[in-house]
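# Notes for the structure review
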Amino acid sequence: MPWDLAPVSQCLCTALAVVVAGLLLALLWALGRVRGQRDEHRRSDSLRDSLTDLPNRALFVERVESALLQAVRERGSIAVLLVDLDNFEEINHSMGHDAGDRLLVVISERLRESVGREGMVARLCSDEFAVLLKSIPDKNAAALVAEHIGDALKAPIGLDSNEVLVSATVGISLAGSDQDSPEGLLRKADVAMHAAKAQGKACYKVFDPDASTTTSGRLLLESEMRRAVREEECVVYYQPLVALETGEVRGMEALVRWQHPVYGLIPPGEFIPLAEQTGLIAPLGRWVLREACRQARLWHKEKQSSSSLMLSVNVSACQFRQPNLVEEVHRALKETGLDPRCLKLEITESVMMHDAAAIAALWELKGSGIELAMDDFGTGYSNLSYLKRLPIDTLKIDRSYISGLSHDAEDAAIVHATVAFARALNLNVTAEGIENAEQVARLQELGCELGQGYHFARPLPSNEATELLVAGLLR
Ligand code: C2E
Ligand code: MG
Ligand code: MG
């Protein structure tokens, strides 16, 4: 009987096809790996400084970001040290760039040694280095590291046949909350470093938020703030105010940010106090008001929001000292075409408790249909009788009470009492800083109708706020 070879050759063909496919897959995998490794190398090259092989600014920011996340999780804190050489320019000029480069390499090694394995050193630019210290207990521990760095740099450095002496000035900032950012930390360390330089170099300083607005930090930022106001570097973000029962967006609060050309987006807490002290709050506040009214009018006109959407704008105490505040508000409304009944001005308790002119301005604003809200209610004044004298429509309960709502009986009692108190005086209540569904439920039980917080949305740039309005409900 002749052999039927067809099935055998079929089998052989299939086996061959499998082997070829396998080889191809292996080849592709190997190529992918090579490319992956190449990409990895390229990425790691782009994250390192080519002279010193230290991490560069991009990698440093990445590491600070993850260290911050860890610190927040573990309730710890981290520190950023900005190390700026005091006399590098002179050495560069007198001995040449080549010698300058060699000096930087020596400095980078000394820095690495002095912070040990606990810290990470990066070169940000020219003669500016940064150190990240994870799990740092307090500012004294960070200051100790700054002292080590100062000592390590003291020993003379041999360059060609000369010995040069270098010193550095160090600015320190500490952080451990989710409000902190790598850029914010670097900025604060920079302010502290400039304050230290102003005191005579070769020393260190820990960032002090109060001092930063009164010493050399103030000089640095004040001139920049003037430019920011003049060149309109600020932007207005918007955070929705939501009806807790239905999820309907009832309003938007305008919150200013400073789009700094180097430091990125700076939150208002870091520059409003300075703007208030320097009087720059007047032009800044005027700009925010106009810009926000223009945006709200656009939402109404383009039917991207309901026509009753309220716009809330914060007004500082100092703005009430301007003689023409009422006229300015009227002018902004007139020029943008926004209905005065859609504008709510937010003021803090301290603003105008005893100032007759400010109280008169409030009544005048109220008389033209504008609403008024008492912001951060519960954090300021203790005598509540002033509320009778002021034409307030809304109390905004400070977020410090909302954060403790589900586990702190006292916070819950304060919120409960505030809602009852507001009802008795015929005022509306808004809860600030709602971060989870549990707080929403608890606030509803307590009779609070309106709320605002990260649970619904963070403050957003105008285009994203518009998308959110068009999309509708928030829960
Ligand atoms: P504010 O008027 O009490 O605004 C609420 C602040 O709480 C905002 O901070 C907002 O981002 C934050 N926030 C809202 N929801 C949550 C939350 O769920 N969790 C947490 N942790 N925070 C939340 P922001 O934007 O940094 O503004 C801070 C303060 O700066 C404002 O407090 C206001 O007093 C002032 N400010 C902002 N814009 C202006 C302005 O144009 N003029 C004036 N004079 N002050 C302004
Ligand atoms: Mg406010
Ligand atoms: Mg507030």
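As a reminder, the structure under discussion sits directly above these lines.
In terms of regular secondary structure, the protein chain is built from 16 helices and 17 strands. For the protein chain, the proportion of its 475 residues judged to be buried stands at 47%. Within the protein chain, counting contacts between residues at least 6 apart in sequence, those at least 24 apart form 68% of the total. Surface accessibility of the protein chain: about 24,500 Å² in total, with carbon and sulfur atoms responsible for 54%.

So, about the pairing of strand β8 (residues 234–243). Among the 10 residues in β8, nine count as buried, and that is most of the element. In this structure, β8 lies alongside strand β9 (residues 249–260), joined through nine bridges in antiparallel fashion. Across the sheet, the residue bridging to C234 is W258, located in β9. Where β8 folds back on β9, the antiparallel hairpin that results is connected by five residues, among which G247 adopts a positive phi of roughly 85°. Pairing geometry for β8 and strand β16 (residues 450–451), over two bridges, is antiparallel. Counterpart to A243 in the pairing with β16 is L450.

For the structure shown, the criterion picks out three aromatic pairs. Aromatic side chains Y238 and W299 sit 5.0 Å apart centroid to centroid with 75° between the ring planes, which places their arrangement in the edge-to-face category. Of this pair, Y238 sits in strand β8 while W299 is found in helix α9 (residues 281–301), placing the two residues 61 residues apart along the sequence. A residue is classified by how much of its surface remains accessible, and Y238, at 0% relative accessible area, is buried. The exposure class assigned to W299 is buried, which follows from its relative accessible area of 0%. Centroid distance W258 to F271: 5.7 Å. Interplanar angle 80°. Geometry classified as edge-to-face. Of this pair, W258 sits in strand β9 while F271 is found in the loop between β10 (264–266) and α8 (272–278), placing the two residues 13 residues apart along the sequence.

Let's shift gears to the coordination of the magnesium ion (ligand 3). Taken together, D375 (OD), D376 (OD), E432 (OE) and E432 (OE) make up the protein donors of the magnesium ion (ligand 3), found 2.0 to 2.5 Å from the metal. All donors to the magnesium ion (ligand 3) come from one chain, and their sequence spacing reads D-D-x55-E. Here the magnesium ion (ligand 3) and the magnesium ion (ligand 2) are spaced 4.2 Å apart, and both take D375 as a donor. We classify D375 as buried; its relative accessible area is 7%.

Before going further, it helps to examine the site of ligand 1. Around ligand 1, the structure places 24 residues, and the nearest of them are N314, S316, D375, E435 and Y454. A distance of 2.9 Å separates an oxygen atom of ligand 1 from a polar atom in the side chain of E253. Here N314 contributes a side-chain N or O atom positioned 2.8 Å from an oxygen atom of ligand 1. Those elements that provide at least two residues to the shell around ligand 1 are β9, α9 and β13 (371–377). Broken down by element, the residue count for the shell around ligand 1 peaks at four residues, all from β9.

Note on metal sites: the ideal angle is 109.5 degrees for four tetrahedral donors, and 90 or 180 degrees for six octahedral donors. The protein atoms donating to the magnesium ion (ligand 2) are E253 (OE), N314 (OD1), E346 (OE) and D375 (OD), with metal-donor distances spanning 2.0 to 2.3 Å. Donor residues for the magnesium ion (ligand 2) sit on one chain with the sequence pattern E-x60-N-x31-E-x28-D.

Among the secondary structure elements, Q295 is positioned in helix α9. What makes Q295 buried here is its relative accessible area of 5%. Among all residues touching Q295, those that are not within four sequence positions of it are Y238, S462 and T466.

Once that is clear, we can look at the pattern of salt bridges. Across all of its chains, the model carries 23 salt bridges by this definition. In this structure, R102 and D98 form a salt bridge, with 3.9 Å as the shortest nitrogen-oxygen distance. Of this pair, R102 and D98 both sit in helix α4 (residues 97–115), four residues apart, which is roughly one turn of that helix. E432 serves as the salt-bridge partner of K396, at 3.8 Å between the closest nitrogen and oxygen. Here K396, found in strand β14 (residues 394–397), pairs with E432, found in the loop between β15 (428–431) and α15 (437–445); they are 36 residues apart in sequence, far enough to count as distant. With respect to burial, K396 and E432 carry one shared label: buried. One connected set of salt bridges, linked through shared partners, spans E253, E346, K396 and E432.

Here we come to the nonpolar core. By size, the foremost hydrophobic cluster in this structure holds 83 residues, and its most contacted members are L284, L311, L343 and L345. With eight residues, the single largest contributor to this core is α9. Both domain 1 (57–228) and domain 2 (232–471) contribute no fewer than three residues apiece to this core. The residues contacting L345, other than those within four sequence positions of it, are L289, V313, V315, V329, L365, I370, E371, L372 and A373. Counting 30 residues, the second-largest nonpolar core is a separate cluster that includes I107, V121, F129 and A168.

Because an α-helix completes one turn every 3.6 residues, residues spaced three or four positions apart along the sequence face the same direction. With 12 residues, helix α10 (residues 325–336) ought to run about 16 Å at 1.5 Å a step, and its terminal C-alpha atoms sit 17 Å apart, in line with that. Turning to α10, its buried residues number three or more, namely L325, V326, E328, V329, A332, L333 and T336. Burial along α10 is one-sided: seen end-on, the buried residues are contained in an arc of 170°. When the buried face of α10 is taken as reference, the exposed residues oriented beyond 90 degrees from it are E327, K334 and E335. Contacts made by the buried residues of α10 are with α9, β12 (343–348) and α11 (356–367). After α10 finishes, the residue G337 shows a positive phi value of roughly 85°.

Scoring rules and cut-offs
- Residues numbered from 1 in each chain as written.
- Chains lettered and ligands numbered in written order.
- Predicted model: local features only at pLDDT ≥ 70, side-chain atom pairs only at ≥ 80, totals over all residues.
- Heavy atoms only, no water.
- Helix = DSSP H or I, 4+ residues; strand = E, 2+ residues; numbered from the N terminus.
- Buried < 20%, exposed > 50% of the residue type's maximum accessible area, 1.4 Å probe, protein only.
- Contact = heavy atoms within 4.5 Å.
- Areas by Shrake-Rupley, 256 points an atom, 1.4 Å probe, with all protein chains shown as cover.
- Pairing = 2+ DSSP bridges.
- Phe/Tyr/Trp six-rings, centres within 6.5 Å; stacked < 30°, edge-to-face > 60°.
- Donors = N, O, S within 2.8 Å, 3.2 Å for Na, K, Ca; no water.
- Near = heavy atom within 4 Å.
- Polar contact = N/O pair within 3.5 Å; in protein donor to acceptor, adjacent residues only side chain to side chain.
- Salt bridge = Lys/Arg side-chain N within 4 Å of Asp/Glu carboxyl O.
- Core = buried A, V, L, I, M, F, W, Y, C linked by side-chain atoms within 4.5 Å.
- Domains from an automatic or database assignment.
- Expected span 1.5 Å × (residues − 1).
- Arc of directions from axis to C-beta.

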